[in-house]
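Okay, here's what each chain looks like letter by letter:
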Amino acid sequence: MRLRLAALVPLVMCLTVLGGLTSSAFADETPSPSPSASAGGTPSATPAAGATAEPPDAEYYVAVQLIDSSKKTATSPGEPVPGVKLTVLAPGGSAAGSAVTDAEGRAYIPIDGGGKYKVELDPKTLPDGVKLSGKAATTKNVSVILEGATNVQFQIGVVAEKGASFGQELSQALFNGVKYGLIIALAGLGLSLIFGTTGLTNFAHGELITFGAIIGYVFNRGLGLPVIAAGVLAVIASAALGWVQDKGLWGPLRKRGTGLVAMMIVSIGLALLARSIFQYTFGGSTRTYSEYVAQGPRKIGPLDVADKELVIMAIAIVVIAITCISLATTRMGKSMRAVADNPALAASSGMRVDSVITAVWILGTALTGLAGFLYAVDKQVSFVMGFKILLLVFAAVTLGGLGTIWGAIIGSIIIGIVSEAGPVFGVPASIKDVGPLFVLILILLLRPQGILGKKQRIG
Amino acid sequence: MDFGTVIDAALSQALGPQAIVFALAAIGLNIHFGYTGLLNFGQAGFMAVAGFGLAVSVVKLDLPFLVAVVIGLLMSVILAFVLGVPTLRLRADYLAIATIATAEILRLVLGAVEFKDAFGGSNGLNGFVGPFQDLNPYSGPLDLGIVSWSRADLWSLTVGWVLVALSCLLVWALMRSPWGRVLRSIREDEDAVRSLGKNVFGYKLQALVLGGVFGGLAGLFHVLKQGSAVPTDFNTTFTFYAYAALLVGGAARVLGPVIGSIIFWFLVAGLGSIFGQLTDGTGVDLPTWLMTDTQASLVRFIVLGLGLMLLMIFRPQGIFGDRREIAIDAR
């Protein structure tokens with residue numbers, strides 16, 4: 001019983017400090033209709049200055065923004081549609097309130113509480129020449145669950161996409177798959193390094209991804225730094241978390257000789273703890289960084305590519321390359337690989353195994369934090385984002401070979417492509433994550449050591 | 001702060017149907033993890049196949065209730081074979097990853113819009129509990145002063161606790177038999193058992209099937225007491241909570257999972273009630289910058305995560321366990 005409770009304290013404190021930062025940073029934030037999640041295909045524009053309707057003080061309200069997508073340009077998703085009357089009907093059918101869209105095409109209608117509401121658009125108030133598209137439904141059903149804005153979208157002027165050719169769809173899926181795969185590869189590299197040197201299957205790895213994204217959000221929205229600076233700081237903070245984790249938790253556990261299975265269960269506890277703290281402080285909603293949110297894509301050959309996607313991929317490739325080269329050539333990299341191969345031999349050759357493992361935790365957590373930040377720039381920030389892709393990271397690392405470096409990268413790219421290309425070949429889009437998990441089961445069945453793994457490691 | 005309400009909430013959960021589901025699932029995990037040393041992180045998957053086996057059989061195929069129950073249990077046996085045959089020869093963490101992945105695949109597929117016709121999408125299936133509720137011999141709700149249960153809950157409780165008692169009896173009998181001793185020795189040293197001429201793989205597979213059937217039983221009971229089979233109920237965190245319950249009580253002890261589930265739900269419901277009252281806007285309240293009522297429901301999960309870590313670090317044998325019995329390690 002040499003491990004004192006004190007050893008855990010720094011870790012918990014670190015998480016709590018993060019908590020304090022996040023909650024104080026958002027204390028006075030008014031809920032804004034979140035962009036993205038464009039179910040109706042009309043991504044909302046960032047609000048500009050001018051006389052606009054303000055979100056009401058009510059706890060619950062319905063937010064609508066009408067955008068005419070037929071006037072889409074490279075810089076904006078379309079023109080706002082003002083002067084349209086919208087009515088919200090309460091569950092019983094009585095009117096709960098109505099509003100007219102402002103110059104920004106926005107309208108906010110406060111309602112009493114959660115429940116199933118209907119939003120009616122009065123087609124007579126639409127300006128001349130503006131027509132609803134899609135099924136031209138003038139009513140939308142909406143179930144209000146969370147406090148704050150519940151967004152409702154009406155399709156206006158969306159030109160039905162000409163059925164993209166199979167080749168086009170496939171190449172777009174491949175591109176998205178490689179991008180997704182590169183992000184997974186960063187996280188997978190972290191997982192693989194940590195597994196390789198310590199043998200720990202870290203179920204809290206998903207929360208390390210989320211940490212990178214959320215701490216980036218704190219620097220970006222909370223402290224008002226530009227996204228790129230926030231990203232750099234998020235990686236540094238992740239590296240610090242890696243150090244804290246090893247010094248405060250995993251190092252002492254190693255010294256006590258705690259078994260790997262026990263450590264695995266400790267990591268499950270840590271994952272629950274961290275995820276709950278993220279939800280406590282960050283909240284259950286999905287948010288975005290302040291910049292590069294809705295970047296209009298440009299055409300490159302058959303692909304629709306946003307600039308940020310290219311930058312994300314470039315960063316991932318450069319970081320992965322630097323990591324691999326330094327693992328192969330630098331003194332520290334060589335010692336990491338030596339410890340992974342045989343800790344006892346490494347120790348007897350005069351290496352300080354413990355500080356090498358600490359370095360691995362720092363490097364691994366920093367890489368994973370970067371993955372989380374890039375993923376958040378590409379998509380959004382939420383408290384479960386890491387947990388959701390944890391199994392994909394596991395799948396990627398197992399596919400490539402647990403504990404191998406190149407394997408983790410190859411496995412990740414394959415998993416990314418399988419995940420994104422599945423729908424092209426008829427996998428239902430709502431369960432596209434099943435594909436990679438299936439690959440995981442299959443690889444365990446056929447070649448459990450993975451593509452590049454060594455046979456003796458599998459037990 | 002009204003402590004009567006807290007005690008009521010905590011007790012009715014600790015002895016209530018949800019604790020029974022956890023107890024049954026944890027009894028299964030106890031056979032896997034506690035006695036045999038198998039890391040099954042997909043107990044929710046075993047529950048899901050059994051629960052949906054029952055629901056689909058009754059609702060979609062119009063089969064008799066008892067046949068549907070058998071089908072449900074059979075599904076969990078099949079799942080155990082599917083999972084066990086490829087992975088039980090590998091190191092312990094491979095089984096862990098395979099089971100957790102399978103459980104997620106099942107949950108995603110069962111909840112997918114595309115299979116709404118078969119499994120009811122994210123709303124799941126209902127309308128299969130009629131035969132179960134028709135057997136209910138009770139005429140009214142029970143009120144014991146501090147705790148009270150509805151008529152339907154009372155019937156679920158009776159069936160559930162009888163099931164738990166029978167399961168414990170079975171586990172007790174099995175684990176003192178030669179078969180049970182082989183399982184324990186596999187947990188301690190697989191190679192030694194192999195050198196004695198035992199078929200380690202066969203024994204592990206049997207243990208996986210048996211524990212999976214208890215998981216299936218938990219799934220059946222869950223959908224019956226709830227009246228519906230909903231995919232999101234069978235998520236990965238359920239399995240982790242069941243592990244927490246098992247570890248609190250003590251792994252490799254017959255009554256460990258049962259006591260563990262009771263304590264687990266007593267604490268979870270009690271904490272939920274305490275912090276709920278501290279943030280409900282009446283009486284003594286915490287300041288809202290510290291905690292709002294939505295945050296209050298999260299405190300128990302924070303405590304749960306921290307508790308699981310501390311438990312595993314400082315007292316891996318739980319309350320009743322024997323430390324020597326839980327010196328499991330993956331090699």
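What you see is a predicted model; the values in this text were computed from it and never measured.

Enquirer: Looking at this structure, how should I read the overall build of chain B?
Expert: When helices and strands are tallied, chain B shows 14 helices and four strands. Taking 331 residues into account, the globule formula puts the C-alpha radius of gyration at 20 Å, and chain B, at 20 Å, falls close to it. Judged by the C-alpha coordinates and their principal axes, chain B covers about 65 × 50 × 40 Å. Considering only contacts within chain B whose residues lie at least 6 apart along the sequence, 74% involve residues at least 24 apart.

Enquirer: Help me understand the overall build of chain A, please; the structure alone is not making it clear to me.
Expert: Of the regular secondary structure elements, chain A holds 12 helices and 11 strands. Counting all 459 residues of chain A, 46% fall into the buried class.

Enquirer: What is the right way to read the sheet that holds strand β1 (residues 60-65) of chain A from this model?
Expert: Two orientations exist for strands paired in a sheet by backbone hydrogen bonds: parallel and antiparallel. Residues and elements named next belong to chain A. Read from one edge to the other, the open sheet built from three strands follows the order β6-β1-β9, with strand pairing classed as mixed. The two strands at the open ends of the sheet, each matched to only one other strand, are β6 (106-111) and β9 (148-152). Taken pair by pair, the neighbouring strands of this sheet meet at an average axis angle of 30°, ignoring direction. Sheet topology note: the β1/β6 ladder contains six bridges and is antiparallel.

Enquirer: Please clarify how the interface of chain B and chain A should be interpreted in this entry.
Expert: It is common to give the size of an interface as the accessible area lost on bringing the parts into contact. In this complex, chain B contributes 41 residues to the contact, which on the side of chain A involves 38 residues. Its residues assigned to classes, the side of chain B that touches chain A shows 31 nonpolar, four polar and six charged.

Enquirer: Explain the sheet that holds strand β8 (residues 139-144) of chain A here, please?
Expert: Residues and elements named next belong to chain A. Judged by pairing direction, the sheet is antiparallel, and its four strands sit side by side in the order β5-β4-β7-β8 without closing on themselves. Lying at the two open borders of the sheet, with one neighbouring strand each, are β5 (95-100) and β8. Strand after strand, the sheet turns through a mean of 20° between neighbouring axes, direction not considered.

Enquirer: Even after reading the chapter, I still don't get helix α6 (residues 307-329) of chain A, so can you show me in this structure?
Expert: At 3.6 residues per turn, the α-helix brings residues three or four places apart onto the same side. Residues and elements named next belong to chain A. End to end, α6 covers 33 Å across 23 residues, agreeing with the expected 33 Å (1.5 Å per residue, within 8%). Every buried residue belonging to α6 is among Ile312, Ala316, Val319, Ile320 and Thr323, and all of these are buried. Its buried side turned inward, α6 meets α2 (166-198), α9 (353-378) and α11 (405-421).

Enquirer: Got a minute to help me understand the nonpolar core in this structure?
Expert: Residues Leu186 and Ala395 of chain A together with Leu24 of chain B are the most contacted members of the largest nonpolar core, which totals 210 residues. For this core, the element with the most residues is helix α5 (residues 260-282) of chain A, which contributes 16 residues. The residues touching Leu24 of chain B, leaving out its near neighbours within four places in the chain, are Leu163, Val164, Ser167, Phe214, Leu217, Ala218 and Phe221 of chain B. Listed in part, the 25 residues of the second largest apolar core include Val84, Val88, Ala107 and Leu126 of chain A.

Enquirer: Please explain α11 of chain A as it appears in this structure.
Expert: The first and last C-alpha atoms of α11 of chain A sit 24 Å apart over 17 residues, in line with the 24 Å expected at 1.5 Å per residue. Across the 17 residues of α11 of chain A, 16 count as buried, placing the element largely inside the fold.

Enquirer: I'm lost on the packing of helix α10 (residues 385-400) of chain A against helix α5 (residues 92-111) of chain B in this one. Help?
Expert: Two quantities define a packed helix pair, namely the angle between the helix axes and the distance between the axes. For the pair α10 of chain A and α5 of chain B, interaxial distance at closest approach is 11 Å and the crossing angle is 135°. Looking at the two axes, α10 of chain A sits oblique to α5 of chain B. Note on packing geometry: the crossing formed by α10 of chain A with α5 of chain B is left-handed. Side by side, α10 of chain A and α5 of chain B meet where Leu391, Phe394, Ala395 and Thr398 of chain A of the first sit next to Ile97, Ile100, Ala101 and Glu104 of chain B of the second.

Enquirer: Quick question: what am I supposed to make of unusual backbone geometry here?
Expert: Of all residues except glycine, most have a negative phi; of all peptide bonds, most are trans. All names here are of chain B. One non-glycine residue, Asp62, lies in positive phi territory at about 60°. Even without being glycine, Ala252 reaches a positive phi, approximately 60°. Within the secondary structure layout, Ala252 lies in the loop between α12 (236-249) and α13 (256-278). When the 26 C-beta atoms within 10 Å are taken as the criterion, Ala252 is described as buried.

Enquirer: Would you take a moment to explain the environment of Ser335 of chain A for this structure?
Expert: All names here are of chain A. Relative to the helices and strands, Ser335 is located in helix α7 (residues 331-341). The class for Ser335 is buried, based on 20 C-beta atoms found within 10 Å. For the pair Ser335 and Met351, spaced 16 residues apart in the sequence, the C-alpha separation amounts to 7.3 Å.

Enquirer: So what exactly am I meant to see when it comes to the environment of Glu291 of chain A here?
Expert: Residues and elements named next belong to chain A. When you line up the elements, Glu291 lands in the loop between α5 and β10 (298-300). Looking at Glu291, the number of C-beta atoms within 10 Å reads 14, which means it is partly exposed. For the pair Glu291 and Pro226, spaced 65 residues apart in sequence, the C-alpha to C-alpha distance is 7.7 Å. Apart from the residues within four sequence positions on either side, Glu291 is in contact with Pro226 and Val227.

Enquirer: Looking at this structure, how should I read the packing of helix α3 (residues 205-222) of chain A against α5 of chain A?
Expert: Residue and element names in this part refer to chain A. Closest axis-to-axis distance for the α3/α5 pair is 9 Å, and the angle between their directions is 25°. Viewed along their axes, α3 and α5 adopt a mutual orientation that is roughly parallel. As for the relative orientation of α3 and α5, their crossing is left-handed in sense. Facing α3, whose interface residues are Gly206, Glu207, Thr210 and Ile214, α5 presents Ala271, Ala274, Arg275, Phe278 and Phe282. Across the contact of α3 with α5, the residue classes break down as five nonpolar, two polar and two charged.

Enquirer: How should the confidence of the model for chain A be read in this particular structure?
Expert: Detailed conclusions should not be drawn from predicted coordinates in areas where pLDDT is low. Residue-level pLDDT values for chain A average 79, and 81% of them are 70 or greater. In this model residues 1-11 of chain A is a low-confidence stretch, pLDDT under 50, and it forms 15 contacts with partners more than four residues away in sequence or in other chains.

Enquirer: How should the pairing of strand β7 (residues 115-121) of chain A be read in this particular structure?
Expert: Regular strands place their side chains on alternate faces of the sheet. Residue and element names in this part refer to chain A. Pairing between strand β4 (residues 85-89) and β7: four bridges, direction antiparallel. Its bridge partner lying in β7, Leu89 is registered against Lys118. As paired elements, β7 and β8 share six bridges and run antiparallel to each other. Each residue of the ladder has a partner; that of Glu120, found in β8, is Thr139.

Enquirer: What should I look at first to understand the confidence of the model for chain B in this one?
Expert: Mean pLDDT over chain B stands at 87; residues scoring 70 or higher make up 98%. Predicted complex, confidence summary: ipTM 0.88, pTM 0.77.

Conventions used here
- Residues numbered from 1 in each chain as written.
- Chains lettered and ligands numbered in written order.
- Predicted model: local features only at pLDDT ≥ 70, side-chain atom pairs only at ≥ 80, totals over all residues.
- Helix = DSSP H or I, 4+ residues; strand = E, 2+ residues; numbered from the N terminus.
- Rg over C-alpha atoms; globule rule 2.2 N^0.38 Å.
- Contact = placed C-beta atoms within 7 Å.
- Buried ≥ 20, exposed ≤ 12 C-beta atoms within 10 Å, placed from the backbone.
- Pairing = 2+ DSSP bridges.
- Axes fitted to C-alpha atoms, helices over the stretch in contact; angles between N-to-C directions.
- Nonpolar A, V, L, I, M, F, W, Y, C, P; charged D, E, K, R; others polar.
- Expected span 1.5 Å × (residues − 1).
- Core = buried A, V, L, I, M, F, W, Y, C linked by C-beta atoms within 7 Å.
- Parallel < 35°, antiparallel > 145°, perpendicular 65-115°, else oblique.
- Left-handed = near helix turned anticlockwise from the far one by under 90°.
- pLDDT = per-residue confidence, 0-100.

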